[in-house]
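# Inside the fold
Next come the chains, spelled out residue by residue.
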Amino acid sequence: MSTFLEDVNEKIGGVPIQACYHCRKCTAGCPLAFAMEYNPNKVIKMIQMGMKDKVLNSSTIWLCASCETCVTRCPNNVDIARMMDVLRETAIEEKIEPKEKNIRKFHEAFLASIKSGGRINEPMMIVNYKLKSGDYFSDMAMGMNMFMKGKIKLFSPRTKDMKSVRQIFKSTSK
Ligand code: SF4
Ligand code: SF4
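Residues numbered from 1 in each chain as written. Chains lettered and ligands numbered in written order. Predicted model: local features only at pLDDT ≥ 70, side-chain atom pairs only at ≥ 80, totals over all residues.

### Considering the site of ligand 2
Every one of the 13 residues lining ligand 2 counts as a neighbour, but Cys30, Cys64, Cys67, Cys70 and Ala81 are closest to it. Within the residue set of the shell around ligand 2, elements represented by two or more residues are helix H6 (69–73) and helix H7 (80–93). Ranked by residue count, the leading element in the shell around ligand 2 is H7, at three residues. (Near = placed C-beta within 6 Å. Helix = DSSP H or I, 4+ residues; strand = E, 2+ residues; numbered from the N terminus.)

### Considerations on the packing of helix H8 (residues 103–117) against helix H9 (residues 122–133)
The interhelical angle for the contact between H8 and H9, taken along N-to-C directions, is 145 degrees, at an axis separation of 9 Å. With respect to the hand of their crossing, H8 and H9 are arranged in right-handed fashion. Note on element contacts: H9 touches H8 through Met124, Met125, Asn128, Tyr129, Lys132 and Ser133, opposite Lys105, Phe106, Glu108, Ala109, Phe110, Ala112 and Ser113. (Axes fitted to C-alpha atoms, helices over the stretch in contact; angles between N-to-C directions. Left-handed = near helix turned anticlockwise from the far one by under 90°. Contact = placed C-beta atoms within 7 Å.)

### Comments concerning the domain arrangement of the chain
When the parts come together, some accessible area is lost, and that loss is often what is quoted as the size of the interface. Domain annotation for the chain reports domain 1 (4–93) and domain 2 (103–161). Each of domain 1 and domain 2 was reduced to a C-alpha centroid, and the two centroids are 26 Å apart. (Domains from an automatic or database assignment.)

### Quick notes on the site of ligand 1
Near ligand 1 there are 15 residues, and of these Cys20, Cys23, Cys26, Asn41 and Cys74 occur at the shortest range. For the shell around ligand 1, the secondary structure elements donating two or more residues are helix H2 (25–29) and helix H3 (40–48). A class-by-class count of the residues in the shell around ligand 1 yields nine nonpolar, three polar and three charged. (Nonpolar A, V, L, I, M, F, W, Y, C, P; charged D, E, K, R; others polar.)

### Considerations on the nonpolar core
When a protein is soluble and globular, its nonpolar side chains tend to lie buried together. By size, the foremost hydrophobic cluster in this structure holds 20 residues, and its most contacted members are Ile17, Ile47, Ile80, Met83, Met84 and Leu87. Elements that contribute at least two residues to this core include exactly H3 and H7. Element by element, the count of residues in this core is highest for H7, at five residues. Ignoring sequence-local partners within four residues, the contact set of Leu87 consists of Val55, Leu56 and Ile61. (Core = buried A, V, L, I, M, F, W, Y, C linked by C-beta atoms within 7 Å. Buried ≥ 20, exposed ≤ 12 C-beta atoms within 10 Å, placed from the backbone.)

### Thoughts on H9
Taking 1.5 Å per residue, twelve residues should reach 16 Å; H9 reaches 16 Å between its end C-alpha atoms and fits that length. Just beyond H9, the residue with positive phi is Gly134, at close to 70 degrees. (Expected span 1.5 Å × (residues − 1).)

### Quick word on the environment of Arg88
Assignment of secondary structure puts Arg88 in helix H7. Spatially, the C-alpha atom of Arg88 lies 6.8 Å from that of Trp62, the residues being 26 residues apart in sequence. Among all residues touching Arg88, those that are not within four sequence positions of it are Ile61, Trp62 and His107.

### A short note on unusual backbone geometry
The backbone of His22 sits at a positive phi, close to 55 degrees, despite the residue not being glycine. Residue placement: His22 occurs in the loop between helix H1 (4–12) and H2. Unlike most non-glycine residues, Glu68 shows phi in positive territory, near 70 degrees. Position of Glu68 relative to the elements: it lies in the loop between helix H5 (60–63) and H6.

### Observations regarding H8
An α-helical segment advances 3.6 residues per turn. Residues three or four places apart therefore align on the same side. Over its 15 residues, H8 runs 21 Å from end to end, which matches the ideal 21 Å to within 8%, given 1.5 Å per residue. Gly118, located one to two residues past H8, shows a positive phi value of around 80 degrees.

Take a look at the structure:
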């Protein structure tokens with residue numbers, strides 16, 4: 001039977017996370033490390049130590065925004081953003097409910113938007129998220145502010161290569 005470390009490495013498919021020598025450059029550059037339960041390099045350490053339950057139950061894997069700052073800073077090319085993706089998908093497969101309220105519903109709304117247009121359609125994603133979460137008013141003032149400043153676009157054109165997008169979703173769905 002394979003270990004948690006072996007499973008994660010296989011799903012990442014690139015540089016194995018044992019390549020990490022804990023220099024903490026990833027954590028120093030991560031814009032969300034301040035809010036995380038465990039820093040990105042600590043998550044690597046925990047995987048190396050086989051602490052599967054703690055890792056999959058942590059809020060860290062759901063707070064990662066996949067910005068890839070850590071990936072560009074890592075001297076050993078460890079793909080932490082991909083690793084966080086793998087951990088989120090593993091948590092979903094194992095039916096582990098995230099600690100962060102509604103974050104899974106946001107994750108699903110985000111993926112639904114990508115699936116339908118190949119890129120984010122902000123109004124569609126917001127409506128989808130609000131319907132799923134039932135949280136209709138909490139960010140209304142911020143949303144209006146962002147819209148007035150042009151940070152939320154009413155229309156987002158679909159990507160031209162929808163065939164590739166469909167293939168990616170088909171190849172990754174179970
Ligand atoms: S930057 Fe790379 S080597 Fe350094 S702690 Fe992060 S993952 Fe490990
Ligand atoms: S991809 Fe995630 S872990 Fe890496 S810097 Fe961005 S938010 Fe932090």
